[in-house]
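Structural overview for review
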Amino acid sequence: MKFKFALPIIIALSLIACSKSEIEKKSTPELLQEMDNLHIAIENMLTFSNGHPVEVQKQIVCISYPILYKELYMPVTLEYAKRGNFKDITKESLLNDFNTVQQSYLASLQINC
């Protein structure tokens, strides 16, 4: 079962996710709190991958992490940046951060997606 470990993580995290229209309705402090929660969830998920079988590591780094980061963390962060006029936080900069982190984990765990 390929998604044995990824699906429970994605399902659990999707409970804290919201649509773009819901993101736009949130207050700035709520966005900051959600961004912090998602950041912690990402850190916990990637930390969890250490010391587990290669299959679990691949599920997390290659499937769960990209979904969590791109579908949940990025939209909230971009909305927060837009409201705060943080011009250095762009979709491109967030994707660069994502790629750097993912490549680092792939190298340190010696796995390929």
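To be clear, the structure that these remarks concern was listed above.
Residue numbers here run from 1 along each chain, matching the order of that chain's written sequence. In keeping with the predicted nature of the model, local features appear solely for residues at pLDDT of at least 70, side-chain atom pairs appear and are counted solely at 80 or more, and the whole-chain, interface and lining totals rest on all residues. Only hydrogens and water are set aside; all other atoms, that is, all heavy atoms of the structure, feed into the side-chain values.

1. Thoughts on the packing of helix H3 (residues 28-49) against helix H5 (residues 91-109)
To obtain each axis, a line is fitted to C-alpha atoms, and for helices this fit is confined to the stretch in contact; angles are then taken between N-to-C directions over 0 to 180 degrees. Strands are runs of DSSP state E lasting at least 2 residues, helices are runs of H or I lasting at least 4, and numbering of each runs from the N terminus. It is at 11 Å that the axes of H3 and H5 come closest, and there the two elements cross at 15°. Compared by their axis directions, H3 and H5 come out roughly parallel. As for how H3 packs across H5, the hand of that crossing is right-handed. Packed against H3, whose contacting residues are Leu46, Thr47 and Ser49, the element H5 presents Val101, Tyr105 and Leu109 at the interface. Here the term charged refers only to Asp, Glu, Lys and Arg, the term nonpolar to Ala, Val, Leu, Ile, Met, Phe, Trp, Tyr, Cys and Pro, and the term polar to all other amino acids, Gly among them. Taken together, the residues of the contact of H3 with H5 break down into 4 nonpolar, 2 polar and no charged. Roughly parallel refers to an angle under 35 degrees, roughly antiparallel to one over 145, roughly perpendicular to one between 65 and 115, and oblique to any angle outside these ranges. Crossing handedness: left-handed means the near helix sits turned counterclockwise from the far one by under a right angle, and right-handed means the same turn made clockwise. By definition, residues are in contact when any of their heavy atoms lie within 4.5 Å.

2. A short note on the state of the cysteines
Here, two cysteine sulfur atoms that lie within 2.5 Å of each other are counted as a disulfide. Tallying each qualifying case throughout the model produces 1 disulfide. Bridging cysteine 62 to cysteine 113, the disulfide has an S-S length of 2.0 Å. Residues cysteine 62 and cysteine 113 are joined by a disulfide whose S-S torsion is about -90°; by sign, that bridge is left-handed. One end of the pair, cysteine 62, is in helix H4 (residues 54-84); the other, cysteine 113, is in the segment after H5, with 51 residues separating them in the sequence.

3. A word on the packing of H4 against H5
Packing of H4 against H5 leaves a shortest axis separation of 11 Å and a crossing angle of 160°. Regarding the angle of H4 to H5, the classification is roughly antiparallel. Our pair here, H4 against H5, has a crossing hand that is right-handed. Residues Gln57, Val61, Cys62, Tyr65, Pro66, Tyr69, Lys70, Tyr73, Met74, Thr77 and Leu78 of H4 lie in contact with H5, whose contacting residues are Lys91, Leu94, Leu95, Asp97, Phe98, Val101, Gln102, Tyr105, Leu106 and Leu109. A class-by-class count of the residues in the contact of H4 with H5 yields 15 nonpolar, 3 polar and 3 charged.

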